[in-house]
Amino acid sequence: MRPIVVAVPACACAFVAGALACAPAVISVSSTIAVAPGDKSLFVTSWDDDALVQIDATSLREVERAQVAQGPEHVVVAGDVAWVTASLDTAIARVDLPTFAVARVDVPCGGTSDVARDAAHARVVVACSNDDRVVLIDEASRAVAGVLDVEGRPTALAVHGNDLYVATSKPPARLERFDLEHLDAVDTVDTVDIAHDGPGPAESNAAVQAAAIAFIGDTPVVAYTVVDHDDRTLSVDDGGYGSVIDGKPRIEPRLFSPDSSSSSSSSSSSSPVCPEHPAVFDGGARVLSGPSSLVVDPASHVAYLAGQFTDSVLALDCNASASSYVGTLRTGRGPRGLALSSDGN
């Protein structure tokens, strides 16, 4: 029987022998750590000494290092090449992994943060939060292939199939979706809800820091911090800046996903969803501050959220029938990045 190709959201599908087979969309996200193909090596950015460090995945010992652009942030691996952004430079680094040779690639930005790969078009996508833009780099020519104006300080991005998702951090923070086939058309997926629900007055303001984007199936999940800063002069006892009143923190990590009516996917009310308030501020193990990275196991829908200021990682079951807290992993000081191996471990 000749295959019949069917287009469905974020999948390439075909009917073969009466059965529908789907290949999941290619997803590209980044962090300060990346797993090389084959799961034998890790690549970690070292901000303090401007280096990309190769680590043996079994022994966790250093294998090699390369000097890269100043203030290295995120890294994404594309075959035998690693691309590294830099918060203190006007260039990103292209590292040839077999030789660890480094090439400097200039970008029209005063510092870069998140990075993802548009594999279908052989492009690297870079967030320039200081300049309100997203830059696309052609992998072959290493030249700028396009610049997207994204107002509101874009701090997190990810590629899902032919969609580019960008999260901004300047209120009103939002999540936008770009069609990588038609970059002149922008579709706003939704706006992060930063309405005041803390202990302060209703007219107080809030600030947002979007840290990472991951996916549960076709649905994007944004990890961010919301900060209620209505009056910083109050004492902690009176509900001052940074305090927790009746379990409601004025600086809180949150997870956001667009609802099914505003998403491009065909998700339903039974689709997996992560808890909007992943942390609980009761003095127990579920306290978390400074969300820095988010990854999701595509098979189990367990999400892992790193807390840079609490030296911890929360594991959350994001299945619709049992969205719940799984446990807490204690880490070294200031975890900045997470990565899953190809088998989800």
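Residues numbered from 1 in each chain as written. Predicted model: local features only at pLDDT ≥ 70, side-chain atom pairs only at ≥ 80, totals over all residues. Heavy atoms only, no water.

(A) Expanded view of the pairing of strand β11 (residues 91-96). Burial analysis of β11 places 5 of its 6 residues in the buried class, which makes it a mostly covered element. When strand β10 (residues 81-86) meets β11, the two strands line up antiparallel, connected through 4 bridges. Within the sheet, the bridge partner assigned to Val84 lies in β11 and is Ala93. Hairpin geometry of β10 and β11 is characterised by an intervening segment of 4 residues between the two adjacent antiparallel strands. Bridge count between β11 and strand β12 (residues 101-106): 6 bridges; the pairing is antiparallel. Counterpart to Ala93 in the pairing with β12 is Arg104. Between β11 and β12, which follow one another and run antiparallel, lie 4 residues, and Phe100 among them has a positive phi close to 60 degrees. (Buried < 20%, exposed > 50% of the residue type's maximum accessible area, 1.4 Å probe, protein only. Helix = DSSP H or I, 4+ residues; strand = E, 2+ residues; numbered from the N terminus. Pairing = 2+ DSSP bridges.)

(B) Broad picture of the side chain of Asp118. Residue placement: Asp118 occurs in strand β13 (residues 115-118). Among the polar contacts made by the side chain of Asp118, one reaches the side chain of His121 at a distance of 2.8 Å. (Polar contact = N/O pair within 3.5 Å; in protein donor to acceptor, adjacent residues only side chain to side chain.)

(C) Spotlight on the nonpolar core. Core analysis: the largest hydrophobic core is formed by 17 residues, its most contacted members being Ile216, Leu255, Cys274, Leu294, Ala303, Leu305 and Cys318. At the level of elements, β21 (206-216), β22 (219-228), β26 (291-296), β27 (302-307) and β28 (312-317) are the ones that each hand at least two residues to this core. Ranked by residue count, the leading element in this core is β21, at 3 residues. Every residue in contact with Ile216, bar those within four places of it in the chain, is listed here: Val221, Pro272, Cys274, Val296, His301 and Cys318. (Core = buried A, V, L, I, M, F, W, Y, C linked by side-chain atoms within 4.5 Å. Contact = heavy atoms within 4.5 Å.)

(D) Region of the structure containing the environment of Gln67. Structurally, the position occupied by Gln67 is in strand β8 (residues 62-67). In the structure, Gln67 is positioned 33 residues away from Phe100 in sequence and 9.3 Å away in space, judged by C-alpha atoms. The contact partners of Gln67, leaving out residues within four places of it in the chain, are Asp49, Asp50, Ala51 and Val102. Of the polar contacts made by the side chain of Gln67, one reaches the backbone oxygen of Asp49; its length is 3.2 Å. A polar side-chain atom of Gln67 sits 3.3 Å from the main-chain carbonyl oxygen of Asp50.

(E) Just the pattern of salt bridges, in detail. For the structure on display, the rule yields 12 salt bridges. We note a salt bridge from Arg104 to Asp106, for which the minimum N-O separation is 3.4 Å. Residue classification places Asp106 among the exposed positions, given a relative accessible area of 52%. A salt bridge links Arg254 to Glu252, with the nearest nitrogen and oxygen atoms 3.1 Å apart. The same class applies to Arg254 as to Glu252, namely buried. Residues joined by salt bridges that share partners form a network here, namely Asp49, Glu62 and Arg65. (Salt bridge = Lys/Arg side-chain N within 4 Å of Asp/Glu carboxyl O.)

(F) Representation of unusual backbone geometry in the model. The phi angle at Leu60 is positive, at roughly 60 degrees, despite the residue not being glycine. Looking at the element boundaries, Leu60 is found in the loop between β7 (51-56) and β8. Although it is not a glycine, Asp311 adopts a positive phi angle of roughly 55 degrees. Note that Asp311 resides in the loop between β27 and β28.

(G) The arrangement of the state of the cysteines in detail. On inspection of all chains with the given rule, the structure shows 2 disulfides. Paired through a disulfide, Cys109 and Cys128 show a sulfur-sulfur distance of 2.0 Å. Looking along the S-S bond of the Cys109-Cys128 disulfide, the torsion reads about 60 degrees, which is the right-handed sense. Taken as a pair, Cys109 in the loop between β12 and β13 and Cys128 in strand β14 (residues 123-128) lie far apart in primary sequence, 19 residues in all. The disulfide partner of Cys274 is Cys318, and the gap between their sulfur atoms is 2.0 Å. The sign of the S-S torsion, about 100 degrees, decides the handedness of the disulfide formed by Cys274 and Cys318: right-handed. (Disulfide = S-S within 2.5 Å.)

Purely geometric stuff here, so don't read any function into it on its own.
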